[in-house]
Amino acid sequence: MNIVILGSGNAATHFGHEFQKIGHQIVQIYSKTKANADALAFALHCPAIDRLAELDLNADLYFIAVTDQAIIPVVEAIPKDVQGIVVHCSGATDISVLAKFQNYGVIYPPQSLSKSKTIDFSTIPFCIEGNTDDNSTALLKLIQVSAPKTILCNSKQRLAIHLASVMVNNFPNILYQMAYELLEENQLSFDLIKPIILETAEKVQNDIPITVQTGPAIRADEVTQQKHLKFISNKPDLQQIYQLLSRQITKRK
């Protein structure tokens, strides 16, 4: 395929290199910031543009890799008569935002991407949706070369995956930070709890989470829970989080 990438950030960088690695041609990089477009285009050995009026209209795939808020403005600026498949890679954006085009779809990776970290596409279950069966099949074949765990799913299912990903990625991370701060206040190292973080993550690779739940809430240990709440009596937000999560655990006993 001849592929145009619209964006120059984390997703654009990873997908651009991956597409090239499996034999596709990146023919153009677009970014509203020319320096960013130039940097990625230099790495991928292709032209860079910062105006969509200069968009190559003869590509096979237009890969929109911008923030969710920027998707609609970019879509509005792309001519509707492009014949290639126009896709975005957002988990929370419905496929219908691309409905002005004849051929469109979604390639969503439920994974955090950063330029500084190598990503193994083969471990990621990409979520694919096309506006027609033929486009779904084409996108599935495109990605399965790199990511054999790729699945077809609709926009509602993709939103569920995106929300679930936030719950298991973003929310635990802020809990890690709050735990870090609690330990630091008591002259203790965060390293002390890294083994239990890893142990919990490893358990849920093979079991339903509730079946490996541990702690005072699942044991109905009110005495320990009250000790914890008293210990953080000067942290009302943390107390509220502790009580809310404990109730959710108790409900599932």
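Residues numbered from 1 in each chain as written. Predicted model: local features only at pLDDT ≥ 70, side-chain atom pairs only at ≥ 80, totals over all residues. Heavy atoms only, no water.

A.B. asks: Is there a simple way to explain the pairing of strand E2 (residues 25-30) in this structure?
C.D. replies: Regular strands place their side chains on alternate faces of the sheet. With five of its six residues buried, E2 lies for the most part within the structure. Read from strand E1 (residues 2-6) through helix H1 (residues 10-21) to E2, the crossover connection turns out right-handed. The pairing of E2 with strand E3 (residues 48-49) spans two bridges and is classified as parallel. Bridge pairing in E3 links Tyr30 to Ile49. Crossover E2 to E3 through helix H2 (residues 34-44) is right-handed. (Buried < 20%, exposed > 50% of the residue type's maximum accessible area, 1.4 Å probe, protein only. Helix = DSSP H or I, 4+ residues; strand = E, 2+ residues; numbered from the N terminus. Right-handed = clockwise from strand over helix to strand, strands pointing away. Pairing = 2+ DSSP bridges.)

A.B. asks: How should I be thinking about H2 in this particular structure?
C.D. replies: Counting along an α-helix, one turn takes 3.6 residues, and residues three or four places apart therefore face a common direction. Burial in H2 covers these residues: Ala37, Leu40, Ala41 and Leu44. All buried residues of H2 lie within an arc of 100 degrees about the axis, which places them on one face of the element. Away from its buried face by more than 90 degrees, H2 exposes Ala35 and Phe42. Of the surrounding secondary structure, the elements contacted by the buried residues of H2 are H1, E2 and E3. Downstream of H2 by one or two residues, His45 has phi in the positive range, about 60 degrees. (Arc of directions from axis to C-beta. Contact = heavy atoms within 4.5 Å.)

A.B. asks: Hey, could you run me through the nonpolar core in this one?
C.D. replies: Nonpolar side chains in soluble globular proteins tend to be buried together. One finds Phe15, Phe19, Ile29, Phe63, Ile107 and Ile143 to be the most contacted residues of the largest nonpolar core, which totals 32 residues. Secondary structure elements with two or more residues in this core: E1, H1, E2, H2, strand E4 (61-64), strand E5 (85-88) and helix H4 (133-144). Excluding residues that lie within four positions of it along the chain, Phe63 makes contacts with Ile3, Val4, Ile5, Leu6, Phe15, Phe19, Val87, Cys89 and Ile107. Listed in part, the 24 residues of the second largest apolar core include Ile49, Ala59, Ile71 and Val74. (Core = buried A, V, L, I, M, F, W, Y, C linked by side-chain atoms within 4.5 Å.)

A.B. asks: I tried to follow the packing of aromatic side chains on my own but got confused; where do I start?
C.D. replies: Each aromatic ring pair is characterised by the separation of its centres together with the angle its planes make. Scanning all chains against the criterion turns up seven aromatic pairs. Here Phe19 and Phe63 contribute two aromatic rings whose centre-to-centre distance is 5.6 Å and whose plane-to-plane angle is 85 degrees, an arrangement assigned as edge-to-face. Residue Phe19 is found in helix H1, and its partner Phe63 is found in strand E4; the two are separated by 44 residues along the sequence. Phe63 matches Phe19 in its accessibility class, with the two residues each being buried. Three or more aromatic residues joined by ring pairs form one cluster here, namely Phe15, Phe19, Phe63, Phe121 and Phe126. (Phe/Tyr/Trp six-rings, centres within 6.5 Å; stacked < 30°, edge-to-face > 60°.)

A.B. asks: Sorry, what's going on with a nonpolar patch on the surface here?
C.D. replies: A cluster of nonpolar side chains, Leu163, Met167, Val168 and Phe171, forms an exposed patch at the surface whose accessible area comes to about 420 Å². Within the element layout of this structure, Leu163 appears in helix H5 (residues 155-185). (Patch = residues over 30% accessible without salt bridge, like charges linked within 9 Å, V, L, I, M, F, W, Y side chains within 5 Å. Areas by Shrake-Rupley, 256 points an atom, 1.4 Å probe, with all protein chains shown as cover. Salt bridge = Lys/Arg side-chain N within 4 Å of Asp/Glu carboxyl O.)

A.B. asks: Would you mind showing me how to read the pairing of strand E7 (residues 127-130) here?
C.D. replies: Because side chains alternate across E7, one face comprises the buried residues Cys127 and Glu129, and the other comprises Ile128 and Gly130, equally buried. Here strand E6 (residues 104-108) runs beside E7; their pairing, made up of four bridges, is antiparallel. The residue bridging Ile107 from the neighbouring strand is Ile128, located in E7. Looking at chain direction, E7 and strand E8 (residues 151-152) are connected through two bridges and run parallel. From the neighbouring strand, Ile128 faces E8, where its bridge partner is Leu152. What joins E7 to E8 is H4, and the crossover it makes is right-handed.

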